[in-house]
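Chain and residue survey
Chain by chain, the residues run as shown.
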Protein chains: 2
Amino acid sequence: MIQHLAILAPGLLGSSVARAARERGLAGRITVWARRAEVRAELRGQPWLDDVADTPGAAVAEASLVVLAAPVDRIIELDQEIAPRLAAGAIVTDVGSVKGPICTAAARHPRPAGACFLGSHPMAGSEKTGWEHGQPTLFEKRVCFVTPTDNTPSGALVQLEKFWRALGAEVVVAAPAQHDEIVAHISHLPQAVATSLACALAHKEGDWRHLAGNGLRDTTRIAAGDATMWVEIFQQNRAAILEALARQEEEFTAFRLALERSDWADLRARLERGKAWRDGFRT
Amino acid sequence: MIQHLAILAPGLLGSSVARAARERGLAGRITVWARRAEVRAELRGQPWLDDVADTPGAAVAEASLVVLAAPVDRIIELDQEIAPRLAAGAIVTDVGSVKGPICTAAARHPRPAGACFLGSHPMAGSEKTGWEHGQPTLFEKRVCFVTPTDNTPSGALVQLEKFWRALGAEVVVAAPAQHDEIVAHISHLPQAVATSLACALAHKEGDWRHLAGNGLRDTTRIAAGDATMWVEIFQQNRAAILEALARQEEEFTAFRLALERSDWADLRARLERGKAWRDGFRT
């Protein structure tokens with residue numbers, strides 16, 4: 001049970017955290033803050049919160065858990081602003097897709113004794129964005145990374161893990177850099193692959209896609225993701241993504257060369273290796 | 001209405017053609033032939049056929065439409081075997097995923113006056129293979145290519161188009177080489193991309209995939225396809241696929257370089273181009 005939960009800049013994820021916490025009775029009081037006055041006006045009276053603060057500082061002043069739900073390139077400045085205003089022992093977390101830069105910057109922000117920053121990344125989302133589309137069930141059975149550093153108080157780690165589990169998530173603990181390497185491979189690389197495939201096909205007659213089966217539809221689905229969000233992610237996780245892209249480029253070139261050389265044994269080995277890996281997915 | 005339909009080497013697709021034709025009353029008589037005697041024994045008594053022939057020649061002797069449903073690398077030899085045994089005016093088609101080599105070879109096989117080969121490629125399938133999994137609804141609303149050459153009698157083209165439409169398919173007419181270029185891009189390239197991505201990720205700790213969201217799941221789904229079938233397709237359509245792979249390689253390398261140079265305007269343009277193309281899919 002969190003005595004006082006504060007959600008700053010709630011979008012889809014932030015409002016889902018509040019709704020889930022309210023529905024499951026996990027927070028005594030829920031305060032939110034939004035950057036724009038008209039959004040704050042819309043939020044007032046929502047059943048999943050208790051009050052709307054006019055400034056980030058006011059929102060966090062008495063909070064025991066603060067969730068920074070801003071876009072990934074705004075989280076650092078928001079943490080810097082609220083850090084000195086925190087209550088003693090408060091935990092600040094976020095929901096950003098990249099953790100290294102945020103956790104490194106947050107470690108340098110001065111904050112009261114016992115207060116700390118501890119990053120989170122719930123692997124949940126929707127094609128829809130905005131707080132009005134939040135769902136109390138959004139985190140159920142979804143992976144949520146929690147990314148402590150060597151200086152994270154172990155009590156805060158235990159408490160934050162417990163919070164995400166109570167929201168229905170499956171918690172995975174990883175250091176910020178390890179998290180970033182993992183998501184570079186399992187999330188950011190697939191985006192680059194799907195986008196490149198979509199661009200390669202866009203060069204050909206546009207109508208061909210209407211002749212395709214479900215294979216092309218699935219392989220390119222995530223290419224429809226929001227470009228602004230993805231530019232931010234590529235900016236924040238550039239180094240780890242570059243390594244993943246280089247690995248993919250090697251694999252793809254090797255596949256093409258196997259075909260060019262008509263090396264059917266090598267091509268078959270690649271198809272079988274890919275199949276074995278894909279067959280190993282949990283269902 | 002086809003007076004006499006013969007299906008040679010029925011697997012999933014061939015038995016679906018027979019079942020759909022029977023259910024929709026499109027064929028007066030349906031004869032099948034399978035290579036193995038034990039399969040012929042199993043087929044006898046199936047409600048969607050009238051008789052099982054012991055040789056390809058016997059199966060086609062009186063047929064007005066012959067469907068060669070063998071794997072793509074067996075179709076040419078099967079056509080060569082049956083071509084001299086055809087009835088006058090018979091149409092031979094197939095269900096192979098690659099059309100150029102088959103249509104070129106078939107044009108050289110001597111056959112009786114008025115008989116012809118005219119390729120088909122129904123874009124339908126299932127994870128399941130084998131005649132026992134055939135479905136009479138398999139072709140409904142699916143694209144089916146029909147691939148005439150300059151020498152195809154127009155009457156045969158009209159009749160084969162009508163047959164596939166009667167089975168529920170949406171017929172697209174394209175020359176064999178054009179068909180092969182299209183499927184190299186919309187079907188074979190995505191397979192190479194999904195397989196390479198799966199292989200690149202297989203190099204990293206295998207458990208990471210269990211942390212992924214639906215994006216990775218969708219992007220790599222077709223990597224689970226049958227390796228033997230795909231080796232045959234890559235063999236048959238090598239030249240057209242090599243061109244598609246080269247285009248993809250260029251796109252992917254350009255994406256990586258944009259990230260390496262931190263050229264966010266270029267990266268954003270690529271994400272937006274991919275999104276626009278993907279948003280243009282028919283729903």
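See the structure above.
Figured I'd write up the structure that's included with this text. (Residues numbered from 1 in each chain as written. Chains lettered and ligands numbered in written order. Predicted model: local features only at pLDDT ≥ 70, side-chain atom pairs only at ≥ 80, totals over all residues. Heavy atoms only, no water.)

Looking at the overall build of chain A
Counting its secondary structure elements, chain A contains eleven helices and nine strands. In terms of overall dimensions, chain A has a C-alpha envelope of 70 × 40 × 30 Å along the principal axes. Taking all 283 residues of chain A together, the buried fraction comes to 57%. Taking the intrachain contacts of chain A between residues at least 6 apart in sequence as the baseline, contacts between residues at least 24 apart amount to 75%. (Helix = DSSP H or I, 4+ residues; strand = E, 2+ residues; numbered from the N terminus. Buried < 20%, exposed > 50% of the residue type's maximum accessible area, 1.4 Å probe, protein only. Contact = heavy atoms within 4.5 Å.)

Observations concerning the pairing of strand S7 (residues 119-122) of chain A
Residue and element names in this part refer to chain A. Burial along S7 is two-sided: the face carrying Gly119 and His121 and the face carrying Ser120 and Pro122 are both buried. Alignment of S7 against strand S8 (residues 143-147), held across four bridges, turns out to be antiparallel. Across the sheet, proline 122 pairs through a bridge with cysteine 144, a residue of S8. (Pairing = 2+ DSSP bridges.)

Structural notes on the sheet that holds strand S1 (residues 2-8) of chain B
Residues and elements named next belong to chain B. Sheet architecture is open: six strands sit in the order S3-S2-S1-S4-S5-S6, paired in parallel fashion. Whereas interior strands pair on both sides, the edge strands pair on one side only; in this sheet they are strand S3 (51-52) and strand S6 (116-117). As judged from the two bridges shared by strand S2 (residues 27-33) and S3, these two strands associate in the parallel manner. Bridge pairing in S3 links valine 32 to valine 52.

Some details on the packing of aromatic side chains
All told, the structure shown has twelve aromatic pairs over all chains when counted by the stated rule. Look at Trp277(A) and Phe281(A): their rings are 5.1 Å apart centre to centre, the planes differ by 80°, and that puts the pair in the edge-to-face class. Across this residue pair, the class does not change: Trp277(A) and Phe281(A) are buried. A ring pair is formed by Phe163(B) and Trp164(B), whose centres lie 6.0 Å apart and whose planes are at 65°; its orientation type is edge-to-face. Between Arg278(A) and the ring centre of Phe281(A), over which it is positioned, the NZ or CZ distance is 4.3 Å. (Phe/Tyr/Trp six-rings, centres within 6.5 Å; stacked < 30°, edge-to-face > 60°. Lys NZ or Arg CZ within 6 Å of the ring centre and 35° of its normal.)

Let's talk about the interface of chain A and chain B
Across the contact, 80 residues belong to chain A and 80 residues belong to chain B. Buried surface at the junction of chain A and chain B, summed over both partners, amounts to about 8600 Å²; 67% is from carbon and sulfur atoms. In this structure, the connection of chain A to chain B is made through four salt bridges. A salt bridge links Arg256(B) to Glu249(A); its shortest N-O distance comes to 2.2 Å. Summed over the shared surface of chain A and chain B, the number is 26 residue pairs in polar contact (both at pLDDT 80 or more). Contributions of two or more residues to the side of chain A that touches chain B are made by S8, helix H7 (176-202), helix H8 (214-220), helix H9 (227-236), helix H10 (238-260) and helix H11 (264-279) of chain A. Each residue belonging to the side of chain A that touches chain B can be placed in one class, and the counts come to 39 nonpolar, 20 polar and 21 charged. (Buried area = accessible area lost by both parts, 1.4 Å probe. Salt bridge = Lys/Arg side-chain N within 4 Å of Asp/Glu carboxyl O. Polar contact = N/O pair within 3.5 Å; in protein donor to acceptor, adjacent residues only side chain to side chain. Nonpolar A, V, L, I, M, F, W, Y, C, P; charged D, E, K, R; others polar.)

Digging into the environment of His210(A)
Secondary-structure assignment places His210(A) in the loop between H7 and H8. With 128 residues separating them along the chain, His210(A) and Ile82(A) place their C-alpha atoms 51 Å apart.

Regarding the relation of the copies chain A and chain B
Mapping chain A onto chain B leaves a residual RMSD of 0.0 Å; the transformation is a rotation of 180° accompanied by 0.0 Å of translation along its axis. Here the transformation between the copies is reduced to the relation of a two-fold axis. Ranked by how close their C-alpha atoms come to the rotation axis, the residues of chain A are headed by Thr219(A), at 2.0 Å. An overlap of 100% is found between the interface residues of chain A and their copies at the interface of chain B, pointing to a shared contact surface. (Least-squares fit on C-alpha atoms with pLDDT ≥ 70 in both.)

Re the pattern of salt bridges
Residue and element names in this part refer to chain A. Throughout the structure, instances matching the rule amount to 42 salt bridges over all chains. Taking the shortest distance from any N to any O, the salt bridge between glutamate 140 and arginine 24 comes out at 2.7 Å. In this pair, glutamate 140 sits in the loop between S7 and S8 while arginine 24 sits in the loop between helix H1 (12-23) and strand S2 (27-33), placing the two residues 116 residues apart along the sequence. The partly exposed category is assigned to arginine 24, whose relative accessible area is 34%. Between aspartate 266 and arginine 270 there is a salt bridge whose closest N-O contact spans 3.3 Å. Of the two residues, aspartate 266 and arginine 270 are both situated in helix H11; the distance of four residues between them amounts to about one turn of the helix.

Quick look at unusual backbone geometry
Residue and element names in this part refer to chain B. You will see that alanine 9, though not glycine, has its phi angle at about 60°, which is positive. Since its relative accessible area comes to 19%, alanine 9 is described here as buried. Located in the positive-phi region is serine 262, a residue other than glycine, with phi close to 50°. Within the secondary structure, serine 262 sits in the loop between helix H10 (238-260) and helix H11 (264-279).

Description of the nonpolar core
Formed by 127 residues in total, the largest nonpolar core has its most connected members in Leu8(A), Val66(A), Leu8(B) and Val66(B). Those residues within four positions of Val66(A) in sequence are excluded, and the remaining contacts are Ala6(A), Leu8(A), Val60(A), Ile82(A), Leu86(A), Ile91(A), Val92(A) and Thr93(A). (Core = buried A, V, L, I, M, F, W, Y, C linked by side-chain atoms within 4.5 Å.)

Brief notes about helix H6 (residues 154-166) of chain A
Residues and elements named next belong to chain A. In this model, H6 (13 residues) spans 18 Å end to end at C-alpha, consistent with the 18 Å of a helix rising 1.5 Å per residue. Every buried residue of H6 is listed here: Ala156, Leu157, Leu160, Glu161, Phe163 and Trp164. Down the axis of H6, the sector holding all buried residues measures 160°, keeping them to one side. Turned more than 90 degrees off the buried face of H6, the exposed positions are Ser154 and Lys162. Phi turns positive one or two residues past the end of H6, at glycine 168, with a value near 105°. (Expected span 1.5 Å × (residues − 1). Arc of directions from axis to C-beta.)

As for the pairing of strand S8 (residues 143-147) of chain B
For a regular strand, the rule is simple: side chains alternate between the two faces of the sheet. Residues and elements named next belong to chain B. With five of five residues buried, S8 is to be regarded as a mostly interior element. Burial of the side chains of S8 extends over both faces: Val143, Phe145 and Thr147 are buried on one face and Cys144 and Val146 on the other. Bridge analysis of S8 against strand S9 (residues 170-173) gives four bridges, and the strand direction is parallel. Looking at S9, one finds that cysteine 144 is bridged to valine 171. Note on the crossover from S8 through helix H6 (residues 154-166) to S9: the handedness is right-handed. (Right-handed = clockwise from strand over helix to strand, strands pointing away.)

Considering the state of the cysteines
What we call a disulfide is simply a covalent bond connecting the sulfur atoms of a pair of cysteines. Enumeration according to the criterion identifies zero disulfides over all chains in this entry. Cys103(A) provides the cysteine sulfur closest to Cys144(A), a residue in no disulfide bond, and the two sulfurs are 12 Å apart. (Disulfide = S-S within 2.5 Å.)

Some thoughts on the sheet that holds S2(A)
All names here are of chain A. Taken in spatial order, the six strands of this open sheet run S3-S2-S1-S4-S5-S6, and their pairing is parallel. Since the sheet does not close on itself, it has two edges, and those belong to strand S3 (51-52) and strand S6 (116-117), each with one partner. Contacting strand S1 (2-8), S2 and strand S4 (65-68), H1 runs over the sheet at an angle of about 160° to S2. (Axes fitted to C-alpha atoms, helices over the stretch in contact; angles between N-to-C directions.)

Remember that the coordinates give geometry; whether it matters functionally is a separate question.
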